[in-house]
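# Chain and residue survey
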Amino acid sequence: MNDRPMSKVLEALCRIMGYEAKRSGREWKALCPAHDDHTPSLSISEGDGGRVLLHCHAGCSTKNVVAALGLTMADLMPPQSSGPRSKMRQESKTK
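We now turn to the structure provided with this report. Nothing here was measured: the structure is a model prediction, and the numbers come from that model. (Residues numbered from 1 in each chain as written. Predicted model: local features only at pLDDT ≥ 70, side-chain atom pairs only at ≥ 80, totals over all residues. Heavy atoms only, no water.)

Further remarks concern the environment of Leu69. By secondary structure assignment, the location of Leu69 is in the loop between helix 2 (62–68) and helix 3 (84–94). In contact with Leu69, not counting residues within four places along its chain, are Val9, Ala12, Leu13, Arg15, Ile16 and Pro33. (Helix = DSSP H or I, 4+ residues; strand = E, 2+ residues; numbered from the N terminus. Contact = heavy atoms within 4.5 Å.)

See below:
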């Protein structure tokens, strides 16, 4: 499995819903796994830094959509870099 957040979401959607999301420009459209959807109401796009943005136009919360996909909110975020700021945050947590 690819570690990119978008790949995780699209793979989970395919596994749960049994089909691939349709690409529409810079985003994807799919049936929402959090409710009995008959018309694709879930928009999936990539935000700053590679984070995944989910929006159900029928009103499902992102948290419910993520849970229905068998993922966590952390799965929507790219891994933290190991740059200087990340190291400083880790050091401050251990003090």
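Here we take up the sheet that holds strand 1 (residues 22–24). Strand order in the open sheet formed by 4 strands is 1-2-3-4, and the pairing between neighbours is antiparallel. In the strand order of this sheet, the two ends are held by strand 1 and strand 4 (52–56), each with one partner. Ignoring strand direction, the axes of neighbouring strands in this sheet form an average angle of 25°. Running at roughly 155° to strand 3 (residues 42–46), helix 1 (residues 5–17) makes contact with strand 2 (27–30), strand 3 and strand 4 of the sheet. (Pairing = 2+ DSSP bridges. Axes fitted to C-alpha atoms, helices over the stretch in contact; angles between N-to-C directions.)

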